[in-house]
Amino acid sequence: MFPKKSPKVVIDYTKCGEKGQIDPRNCTKCLKVCDPAIFILHESPNMPIDPVDPKYWRITPVWLSLCNMCMKCVKVCPLGAITVSR
Amino acid sequence: MCDWCMKHGAGGKWYMNAKNYSNELAEAINAREYLQEQWKAFEMVYIRRIMGITSIDLGYKLQLPIIGRLLRWSAERMIHSEGKHRNPVRADGHFGQVIPLEEAKIILGNLAAEPIIENYCMCRWMQRGIKEACCINFGLLSGVIEKLPRFIPKDTKYRLDRDEAIAHIEEHNKKGYVATVWFQPVPYINAICSCENPECGGLRLRNDFGLHTVYKGEYVAEVDPDRCQACGMCVTKCQFGVLRLVQSLKRVIVDINKCFGCGVCRHACKYDAIRLVPRENYPALRGVY
Ligand code: SF4
Ligand code: SF4
Ligand code: SF4
Ligand code: SF4
Ligand code: SF4
């Protein structure tokens, strides 16, 4: 009756994000390695937003139902910030 | 002609009606305010809660019984909204249609309101972290985007005259990017994009989730079996998996139900074997956009 659950893709924002070691804009490896392009890079909603030139960014895995669990993002991430699970 | 041509085409196609490009229309519908709101944090469009729901894992949510149908219904209503109280941060009334290069050139040469700019593509930035200047915007929208440095190309000329805009759209189209024209918000037209699938957010919602953010074009591709040399080059260009090289026939076949009529496959054919014909020529495709 209920549809199939999507894979869980989680990014650890203490590693990559507004308070992490890396500004995702300077990496973007996961965005590029994912064939179905399930990630979105965006201004961080938890920080004061400068509408003209936002300074704080993070990545959210958005199109989860399209993730095929190929694990390429997990392997490519230099910080080990991404986990993919059922 | 689609339902939007009936409403805003003045007897023709909606995107060929000069009125839809005018500054007067933009003023009348308060487009500047809408566009400023929409663009200042555009990257948040899938992250925000809209009526309590974000786009995160939309594929799952759309399949839920009852809620899924309600969600689809309200999303379609938002996309095609002409209401007075449209919400810019959820992009109400922002949708487009695929057009062939010839029509994009007519629009940029004659209909688009100046100034014309070419800025970084929002979708490639959000979904791939790539900054590529290939979005051509015009009219009131140019002034709005010019105030947002992250979308303005550095070191290159981003204000274009009509001839430059035509040359650029031709270059993008020949590379294989699909030309699309956009209401923002309906019926005001202010953008011609050069999109890729699945990087384009509009094509993503259309192809992966069946939402009508982008209509298919007024045309479909037709291959002349006598001219086709079965070289397969066109197959590499199509972004929608419409063309297939059938070795036993020694020609390419077209899945017209999937064809968006963008015409980029034509640029790859050295034998002039592909042309675009009106969608209406096929009874099965009439009114199907
Ligand atoms: S596992 Fe593969 S498909 Fe899923 S998010 Fe990572 S790269 Fe993309
Ligand atoms: S690959 Fe890792 S570090 Fe790089 S942007 Fe993605 S999550 Fe951040
Ligand atoms: S609609 Fe197309 S060109 Fe415009 S921002 Fe999106 S992908 Fe880029
Ligand atoms: S087959 Fe249709 S969708 Fe594919 S490139 Fe040609 S015109 Fe575009
Ligand atoms: S590019 Fe032209 S000749 Fe080659 S397979 Fe396609 S239609 Fe046939």
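Please read these numbers as outputs of a predicted model, since none were measured by experiment.

### Structural notes on the environment of A:F39
Residue position: A:F39 is located in strand 2 (residues 39–43). Residues A:F39 and A:G17, spaced 22 residues apart in sequence, show a C-alpha to C-alpha distance of 14 Å. Discounting chain neighbours no more than four positions away, the residues touching A:F39 are A:V9, A:I11, A:C30, A:L31, A:C34, A:I59, A:T60, A:P61, A:C73, A:I82, B:M126 and B:Q127.

### Re the site of ligand 2
Taken together, A:C16, A:I22, A:C27, A:T28, A:K29, A:C30, A:I59, A:C77, A:P78, A:L79 and A:I82 form the complete shell of residues around ligand 2. Of the residues in the shell around ligand 2, the class split is nine nonpolar, one polar and one charged.

### Quick look at the confidence of the model for chain B
Of the residues in chain B, 100% reach a pLDDT of 70 or more, and the chain-wide mean stands at 95. Overall fold confidence for the complex sits at a pTM of 0.95, while the interface term, ipTM, reaches 0.94.

### Considering the domain arrangement of chain B
Residues and elements named next belong to chain B. Entries for chain B in the domain assignment read domain 1 (2–215) and domain 2 (219–285). Just the C-alpha atoms count here: the centres of domain 1 and domain 2 sit 27 Å apart. Here domain 1 packs against domain 2, burying approximately 1,200 Å² in sum over the two surfaces, 54% of which is carbon and sulfur. Viewed at the interface, domain 2 and domain 1 are joined by one salt bridge. For R266, the salt bridge is made with E102, and the minimal N-O distance between the two is 2.8 Å. Linking domain 1 to domain 2 there are eight residue pairs in polar contact (both at pLDDT 80 or more). Put simply, the parts of the chain that give the side of domain 1 that touches domain 2 at least two residues each are helix 6 (101–111), helix 9 (162–175) and helix 10 (201–209). Per-class residue counts for the side of domain 1 that touches domain 2 are eight nonpolar, four polar and seven charged.

What counts as what
- Residues numbered from 1 in each chain as written.
- Chains lettered and ligands numbered in written order.
- Predicted model: local features only at pLDDT ≥ 70, side-chain atom pairs only at ≥ 80, totals over all residues.
- Heavy atoms only, no water.
- Helix = DSSP H or I, 4+ residues; strand = E, 2+ residues; numbered from the N terminus.
- Contact = heavy atoms within 4.5 Å.
- Near = heavy atom within 4 Å.
- Nonpolar A, V, L, I, M, F, W, Y, C, P; charged D, E, K, R; others polar.
- pLDDT = per-residue confidence, 0-100.
- Domains from an automatic or database assignment.
- Buried area = accessible area lost by both parts, 1.4 Å probe.
- Salt bridge = Lys/Arg side-chain N within 4 Å of Asp/Glu carboxyl O.
- Polar contact = N/O pair within 3.5 Å; in protein donor to acceptor, adjacent residues only side chain to side chain.

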